[in-house]
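Each chain, letter by letter, is given below.
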Amino acid sequence: MDSGQYEFGGYRLDAQSRTLFREGDHVALPPKVAELLAALVQAAGKALTREHLLRLLWRDTVVEEGSLTSHISMLRKALGKGPEGEEFIETLPKRGYRFVASVNRSEPRGSDRGVERVMLVVLPFENFTAGERYDYFSDGLTEEMITELARLSPERLGVIARTSAMQFKSTAKGAAQIGSELGVSHVLEGSVRRAGERVRITAQLIRVSDESHLWAESYERGLHDVLEVQAEVSRAVAREIQIKLTPHEKERLDPDKTRTVNPQAHELYLRGRHFWNRRTEDGIRKSIECFEGALRHDPSLAVAYDGISDAHTMLACRGMTPAVESFHKAKAAARQAVRMEPELGEGYATLAHVRLHDWDWVGLENEFQRAVQLDRGYAIAHYWYAEYLMAMGRTEEALGRVRHSWELDPLNSVINASVGMIHYLAHDYDGALIALRRGLEIDPTHYVSHLRVGLVCLQKELAHEAVDAMRQAVRHSGGSTEALAGLAQAHAVAGDTPAMEKIVKELGDSGRRYVSPYNVARVYGAIGDRQRALDWLERAYQEHNPDLIELTREPSFASLRADVKFGELVERIGWQSAIPE
């Protein structure tokens with residue numbers, strides 16, 4: 001395998017690991033996109049036919065040419081333009097593609113590795129305790145280990161986020177293959193075995209390039225000493241990959257200062273995160289019960305308050321509950337979390353997120369900045385910040401921030417759907433489809449991705465494709481009101497007014513199920529029924545609907561923007577000057 005380093009336009013490609021760096025920072029690429037880049041760069045200046053690239057990338061699979069076209073598009077999006085605004089890849093009509101940037105090749109130098117930002121994935125710790133009922137404990141330990149390591153030295157160490165790491169649970173893939181798929185240089189793997197109030201944890205650090213084991217250790221402790229084990233592993237990882245810890249980090253990881261945990265509270269907290277990560281209404285409500293139970297055992301557990309806030313915010317943002325009461329609970333819990341633990345990045349992120357959807361604008365950006373400074377590896381916080389930037393009309397900044405979110409968590413269908421939504425609100429519909437389809441490759445059952453594909457197809461005037469996508473959203477969501485409203489919108493744009501009116505009537509008669517008025521407003525906005533759209537938006541305002549932060553960017557409301565009532569609504573939400581564009 002070619003072990004050379006290729007430099008072009010501010011980038012450096014490590015051909016062996018298929019790892020791309022931009023000015024020293026790792027740029028995450030999906031595996032096939034990374035292979036495509038390596039093939040084009042290694043043949044720089046030479047034409048590669050479509051047939052050759054299809055054989056090279058999909059050796060044992062028959063795929064359509066559209067797959068290659070979409071991967072070329074993903075690669076162009078990732079690279080952007082060159083220093084002088086030039087393209088890196090030239091399309092040769094009816095032939096193929098050619099990499100046209102100037103490329104310099106060199107052999108890797110040992111000293112290079114000392115200055116690069118190391119990328120690490122923490123694989124799901126294996127549960128060696130009898131029965132699957134303890135998976136929540138091993139999964140929770142994995143998540144906490146990811147959070148701990150991501151806080152070490154963000155400039156020198158990047159840590160792949162939880163959801164992407166969880167794709168490799170119980171995998172038979174080796175370190176080299178995982179490294180290639182995620183673009184990481186190191187892998188941390190381990191196992192957990194519980195026996196009563198004792199826990200045995202093993203961990204080992206593997207270098208991807210030669211699959212050598214750099215360090216391994218076993219720990220047997222009481223459940224109240226779990227945080228001490230996490231600190232010990234963090235110190236060992238920092239030592240092995242030569243990260244110089246700041247005095248603050250040394251103090252935080254000092255074994256004499258690592259606090260013990262209440263085992264019952266910690267266990268209930270892990271259960272709560274296990275349920276919350278399901279993202280279903282039932283799971284979110286169960287998570288609140290667990291977090292509240294944890295606080296009964298340990299009223300000082302800041303992360304449990306953070307969990308309660310996340311859960312109530314999610315219920316409101318997914319249209320499962322009216323927003324006013326949920327946001328009141330979410331904001332109070334988040335503020336309690338940061339009061340108890342002023343350096344809890346997740347707490348600041350959660351507080352900023354709920355304040356964003358509660359239209360609490362004063363000083364909000366400072367809170368987002370504080371969150372990402374304290375925990376730069378918290379992928380979803382970068383997406384929430386991108387939502388704020390998009391609401392402020394700062395489109396390019398929003399796109400850059402959400403791209404960083406994806407780089408931290410590339411195999412997360414939720415993050416890919418979020419990237420797609422930011423591109424949709426930026427009116428970059430091709431970019432949105434790339435991200436959404438990438439997410440559906442990871443999880444074909446993710447209803448939000450199908451829903452957003454439908455929204456994008458409507459803007460691309462592909463009404464029948466939109467109807468198909470919305471039907472998938474309804475099926476995979478179990479008939480959520482959000483997905484049904486999306487299907488009504490698609491039928492309306494497709495000209496099937498009776499089907500649209502039938503669904504809207506069913507939503508109105510849904511009784512105990514909450515229906516977001518914003519989603520109904522989007523149905524009428526999409527067909528230019530200004531009065532009914534404005535009536536439903538007014539209802540959304542009265543309910544303090546969280547989706548109204550998208551109001552000035554949502555394409556379905558384009559026909560309303562010249563209306564005086566629309567402008568008044570925008571000002572009441574808090575945009576005092578001109579509508580952001």
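The following paragraphs examine the structure supplied in this document. Sequence order as written defines residue numbering, which begins from 1 separately in each chain. The model is predicted, so local features are restricted to residues of pLDDT at least 70 and side-chain atom pairs to those at 80 or more, both for listing and for counting; the totals for chains, interfaces and linings are taken over all residues. Side-chain numbers here rest on the full set of heavy atoms in the structure, without hydrogens or water.

## Details of the pairing of strand E1 (residues 5-8)
Then, number 1: Looking at chain direction, E1 and strand E2 (residues 11-14) are connected through 4 bridges and run antiparallel. Bridge pairing in E2 links Phe8 to Tyr11.
Then, number 2: Here the rule is simple: two strands pair whenever DSSP picks up at least two bridges between them. Helix and strand assignments follow DSSP, with helices taken as H or I runs no shorter than four residues and strands as E runs no shorter than two, numbered in order from the N terminus. Sheet topology places E1 next to strand E8 (residues 104-106); 3 bridges connect them, and they run antiparallel. When the sheet's bridge partners are listed, Glu7 is paired in E8 with Asn104.

## What to know about the pairing of strand E7 (residues 96-99)
Then, number 1: Both strand E5 (residues 47-49) and E7 contribute to a ladder of 3 bridges, which runs antiparallel. Note on E7: the bridge partner recorded for Ala47 is Arg98.
Then, number 2: Connecting strand E6 (residues 89-92) to the antiparallel partner E7 that follows it, the hairpin turn spans 3 residues, and Lys94 within it adopts a positive phi of roughly 65°.

## Looking at the side chain of Ser164
Then, number 1: Turning to its location among the elements, Ser164 is positioned in helix H5 (residues 162-166).
Then, number 2: For each residue, the accessible area found with a 1.4 Å probe, counting protein chains only, is set against the maximum for its type, and the residue is called buried under 20%, exposed over 50%, and partly exposed in between. Among the residues examined, Ser164 registers a relative accessible area of 0% and is labelled buried.
Then, number 3: One polar contact links the side chain of Ser164 to the main-chain amide nitrogen of Leu411, over a distance of 2.6 Å.
Then, number 4: In this structure Ser164 touches Leu182, Asp409, Pro410, Leu411 and Asn412, once residues within four positions along its chain are discounted. Any pair of nitrogen or oxygen atoms within 3.5 Å is treated as a polar contact; in protein, a donor-acceptor pairing is required on top of that, and neighbouring residues in sequence qualify only through side-chain atoms on both sides. Contacts between residues were defined by any pair of non-hydrogen atoms, one from each residue, lying within 4.5 Å.

## Here's the deal with the side chain of Arg452
Then, number 1: Along the chain, the position of Arg452 falls in helix H19 (residues 447-459).
Then, number 2: Charged residues are defined narrowly, with Lys and Arg counted positive, Asp and Glu counted negative, and His plus the chain ends left uncounted. For this analysis, a salt bridge means a side-chain nitrogen from Lys or Arg found within 4 Å of a carboxyl oxygen belonging to Asp or Glu. For the buried Arg452, no salt bridge exists, and the shortest N-O distance to an oppositely charged side chain is 5.6 Å, to Glu550.
Then, number 3: For Arg452, the contacting residues outside a window of four places in its chain are Arg318, Ala417, Ser418, Met421 and Leu436.

## Observations regarding the environment of Ala349
Then, number 1: Tracing the chain through its elements places Ala349 in helix H13 (residues 345-357).
Then, number 2: Ala349 sits in the buried class, given a relative accessible area of 1%.
Then, number 3: When the C-alpha positions of Ala349 and Ile380 are compared, they lie 8.7 Å apart, and in sequence the two are 31 residues distant.
Then, number 4: Once residues lying within four places of it in the same chain are set aside, the contact partners of Ala349 are Ala371, Tyr378, Ala381 and Trp384.

## Digging into the packing of aromatic side chains
Then, number 1: Stacked, edge-to-face and tilted are the three classes for Phe, Tyr and Trp ring pairs, Trp counted by its six-membered ring, which pair at centre distances within 6.5 Å; planes under 30 degrees apart are stacked, over 60 edge-to-face, the rest tilted. All told, the structure shown has 14 aromatic pairs when counted by the stated rule.
Then, number 2: Ring centres of Phe8 and Phe88 lie 5.7 Å apart, and the angle between their planes is 75°; this geometry places the pair in the edge-to-face category. With Phe8 in strand E1 and Phe88 in the loop between helix H3 (65-79) and E6, this residue pair connects regions lying 80 residues apart in the sequence.
Then, number 3: Judged by relative accessible area, which is 2%, Phe88 ranks as buried.
Then, number 4: Among the aromatic side chains, those forming a connected cluster through ring pairs are Phe8, Tyr11, Phe88 and Phe99.
Then, number 5: Charges are assigned to positions over rings by a cutoff of 6 Å between ring centre and Lys NZ or Arg CZ, combined with an angular limit of 35 degrees from the ring normal. A cation over a ring is seen here: Arg370 above Tyr348, with NZ or CZ 5.3 Å from the ring centre.

## Points about the nonpolar core
Nonpolar side chains tend to gather and get buried jointly when the protein is soluble and globular.
Then, number 1: Side-chain atoms within 4.5 Å link the members of a nonpolar core, which is a set of buried Ala, Val, Leu, Ile, Met, Phe, Trp, Tyr and Cys residues. Within the largest apolar cluster, 96 residues are counted, with the highest numbers of intra-cluster contacts made by Trp361, Leu537 and Leu551.
Then, number 2: Residue contributions to this core peak at 11 residues, all from helix H15 (residues 379-391).
Then, number 3: With sequence-adjacent residues up to four places away left out, Trp361 is seen in contact with Arg355, Leu356, Tyr388, Ala391, Met392, Ile549, Ile573, Gly574 and Trp575.

## With respect to unusual backbone geometry
Then, number 1: A positive phi angle, close to 65°, is found at Lys94, a residue other than glycine.
Then, number 2: Its location among the elements puts Lys94 in the loop between E6 and E7.
Then, number 3: Not every positive phi belongs to a glycine, and Trp359 is a case in point at roughly 60°.
Then, number 4: Along the chain, Trp359 turns up in the loop between H13 and helix H14 (364-374).

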